[in-house]
Amino acid sequence: MTKIKTVSVYCGSSLGKNKSYLDNAIALGECLHKHNLNLVYGGGNIGLMGAIANTVLQKGGKVTGVL
């Protein structure tokens, strides 16, 4: 079985109206790092996309932004 090495995530460039969206975006970034998964995402540095990417980066993970 092939092991997953990279996950692609595309989500909102805003935080939304519910704080749980941000909390879950951060939790996803932490989970990706915990499982040593690279992130490919929509390239924005704001909103939910930015929260996920910044979390992975802060933990020392690899992030690739695609515009």
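Below, the structure is looked at part by part. Everything numeric here is computed off the predicted structure, so don't read it as measured data.

Along its length, the protein carries two helices and three strands. Each helix and strand of the protein, ordered N terminal to C terminal, gives the series β-α-β-α-β. In summary, the protein has a C-alpha radius of gyration of 11 Å against a globular reference of 11 Å for 67 residues, a match within 12%.

Now for helix α2 (residues 47-58). Taking 1.5 Å per residue as the helical rise, α2 with its twelve residues ought to reach 16 Å, and the 16 Å between its terminal C-alpha atoms agrees with that figure. A large share of α2 lies buried, amounting to nine of its twelve residues. Restricting attention to buried positions, one finds in α2 the residues G47, L48, M49, G50, A51, I52, A53, T55 and V56. Where α2 is buried, its residues meet β1 (6-9), α1 (19-34), β2 (38-41) and β3 (63-65). Of the residues flanking the end of α2, it is G60, one or two places downstream, whose phi is positive at about 95°.

Before going further, it helps to spend a moment on unusual backbone geometry. For N36, which is not glycine, the phi torsion reads 55° and is therefore positive. Its place among the elements puts N36 in the loop between α1 and β2. On the accessibility criterion, N36 (67% relative accessible area) is exposed.

A few words on the nonpolar core. Nonpolar side chains in soluble globular proteins tend to end up buried together. Counting residues in hydrophobic clusters, the biggest one holds twelve residues: V9, A25, L32, L37, L39, Y41, L48, M49, A51, I52, A53 and V56. Looking at this core, the elements that each hand over two or more residues are α1, β2 and α2.

Sheets are built from strands paired through backbone hydrogen bonds, the pairs being either parallel or antiparallel. Spatial strand order, β1-β2-β3: three strands in an open sheet with parallel pairing. The open sheet has two free edges, formed respectively by β1 and β3, since each of these has just one partner strand. Averaged over all pairs of adjacent strands, the angle between their axes in this sheet comes to 20°, without regard to strand direction. In terms of strand pairing, β2 meets β3 through three bridges, oriented parallel. In the sheet register, V40 faces β3, and the bridge partner there is T64. Strand contacts of α2: β1, β2 and β3, with the helix running at about 155° to β2, the strand carrying the most contacts.

This part takes up the side chain of T55. Summarising the element assignment, T55 is placed in helix α2. Beyond its immediate chain neighbours, meaning those up to four positions away, T55 contacts I26, G29 and E30.

Rules used in this analysis
Residues numbered from 1 in each chain as written. Predicted model: local features only at pLDDT ≥ 70, side-chain atom pairs only at ≥ 80, totals over all residues. Heavy atoms only, no water. Helix = DSSP H or I, 4+ residues; strand = E, 2+ residues; numbered from the N terminus. Rg over C-alpha atoms; globule rule 2.2 N^0.38 Å. Expected span 1.5 Å × (residues − 1). Buried < 20%, exposed > 50% of the residue type's maximum accessible area, 1.4 Å probe, protein only. Contact = heavy atoms within 4.5 Å. Core = buried A, V, L, I, M, F, W, Y, C linked by side-chain atoms within 4.5 Å. Pairing = 2+ DSSP bridges. Axes fitted to C-alpha atoms, helices over the stretch in contact; angles between N-to-C directions.

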